Amino acid sequence: MPPTGSSALEKNLAARPASSLRSPIRIFQIYFEAWQKDLLDPAFAALNNAGVKAESMEFDVFERLARSEHVKGATLWGALSWRFAEKTGMSGQDLIAALQANPGMDVYYCNPHPQNEALFHNMWTQGETTHPRFLALSRALFQAVGLPEEELSNIATSASYSSANYFIASPAFWSKYLVFVRKVLTLADKKLSPEARNLLHSEMADDRGIHRGATYVPFIVERLFPVFLKTEGRGLKAFKIALPEREREMNVHLKLLREMKDVAHRTKSPWLAACWVNYRNLYLSQTNGKAWCQKYLRAVTPPDIKFG
């Protein structure tokens, strides 16, 4: 049986110029409402996802595209949000130029939120500040499905940060990544306790109401990318695309904090990592305030310094 929304997918892609669907690089841009179509990049193929309800959000689009005829024969493909330019500061032509300038990779990705690279041990600890009970749920899920729990607390390099599911990748990547994520979600539903499973699928993840009532599923999925590259995806070649516009928005402290953490990781220096934690804590106390620090700082600071 075809997946939900596949007919709409085919109709909308069939209306694009044939040349774009025969291109070796095929990048689709997801939109949900008519007014968003005016904001799409002409270098991408418009993909109308209106009316499709999927808990996994972008991951559902990836799975449907992978099963469609529209990516067959492509050497690289991906599907981006209608907010791609807003979030990255990059045009479609800029993105394609970056792909062409760095050939031979299995996956190209970026991080529209580089400040997180400076301020958090990894993307899992960052998630605790935006989704209630995120780390506890993630730990239960990792235990249930057999993923390496140390990934939740290790200090990660800035190169491993990726958010918003902005991937352009080869068939080799997609064939492994989609199976990996689907396996994680399937095992989680089978092996989590009823309480944890109910939380995973609850809208508590979006307690601020800014993600259209999303559950925890898409926020966990988008953080599985570096875990995949270290496990089932090891051996695949990955390239992180720089985002100059977002880099220019970082102040000197954020740049120094990120460099300090990366050097600590590269040299495996617990002393330098501890210095980074102290500097980071001081920065957050000045920028986020006492109440924020009392609520989150202990939770996002693992007791031991370990390098991923």
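The rules we used
- Residues numbered from 1 in each chain as written.
- Predicted model: local features only at pLDDT ≥ 70, side-chain atom pairs only at ≥ 80, totals over all residues.
- Heavy atoms only, no water.
- Helix = DSSP H or I, 4+ residues; strand = E, 2+ residues; numbered from the N terminus.
- Buried < 20%, exposed > 50% of the residue type's maximum accessible area, 1.4 Å probe, protein only.
- Contact = heavy atoms within 4.5 Å.
- 1 Å grid on protein atoms, 1.4 Å probe; cavity = no way out; pocket = protein on both sides within 12 Å on 5 of 7 lines; lining within 4 Å.
- Points joined across faces, edges and corners; volume = space filled by probe spheres on them.
- Nonpolar A, V, L, I, M, F, W, Y, C, P; charged D, E, K, R; others polar.
- Phe/Tyr/Trp six-rings, centres within 6.5 Å; stacked < 30°, edge-to-face > 60°.

S.K.: In this structure, what is going on with the environment of Lys87? I would like to understand it.
M.R.: Structurally, the position occupied by Lys87 is in helix α5 (residues 84-88). The exposure class of Lys87 is partly exposed, given its relative accessible area of 25%. Along the sequence, Lys87 and Asn111 sit 24 residues apart, while their C-alpha atoms lie 9.3 Å from each other. Contact partners of Lys87, with chain neighbours within four places excluded, come to Pro112, Tyr166 and Arg246.

S.K.: Where do I start with empty space enclosed by the protein in this structure?
M.R.: If a probe the size of a water molecule is rolled over the atoms, the empty space left behind becomes visible. According to the stated counting rule, one finds two cavities of 30 Å³ or more in the structure shown. A volume near 130 Å³ is recorded for the largest cavity. What lines the largest cavity is a set of 15 residues, and nearest its centre among them are Asn122, Trp124, Ala156, Ser160 and Pro226. Every element with two or more residues in the lining of the largest cavity is listed here: α8 (123-127), α12 (217-223) and α13 (225-230). Across the lining of the largest cavity, the residue classes break down as six nonpolar, five polar and four charged. Space inside the second largest cavity adds up to approximately 40 Å³. The wall of the second largest cavity is formed by Leu80, Phe84, Leu95, Tyr108, Tyr109, Cys110, Tyr166, Ile168 and Ile241.

S.K.: How do you make sense of the packing of aromatic side chains when you look at a structure like this?
M.R.: Aromatic ring pairs are reported here in terms of the distance separating the ring centres and the angle at which the planes meet. In total, this model carries 23 aromatic pairs according to the counting rule given. On the numbers, 6.0 Å between centres and 20° between planes, the contact of Trp124 with Phe134 is stacked. Here Trp124, found in helix α8, pairs with Phe134, found in helix α9 (residues 134-145); they are ten residues apart in sequence, far enough to count as distant. For the residue pair Trp124 and Phe134, the accessibility class agrees, reading buried in each case.

S.K.: I tried to follow unusual backbone geometry on my own but got confused; where do I start?
M.R.: One can expect most non-glycine residues to show negative phi and most peptide bonds to be in trans. With phi around 55°, Met57 is a residue other than glycine that occupies positive phi space. Topologically, Met57 is positioned in the loop between β2 (45-48) and α4 (58-67). Of the residues examined, Met57 reaches a relative accessible area of 22% and is grouped as partly exposed. Even without being a glycine, Ala164 presents a positive backbone phi close to 75°. Take Ala164: it is sitting in the loop between α9 and β5 (167-169).

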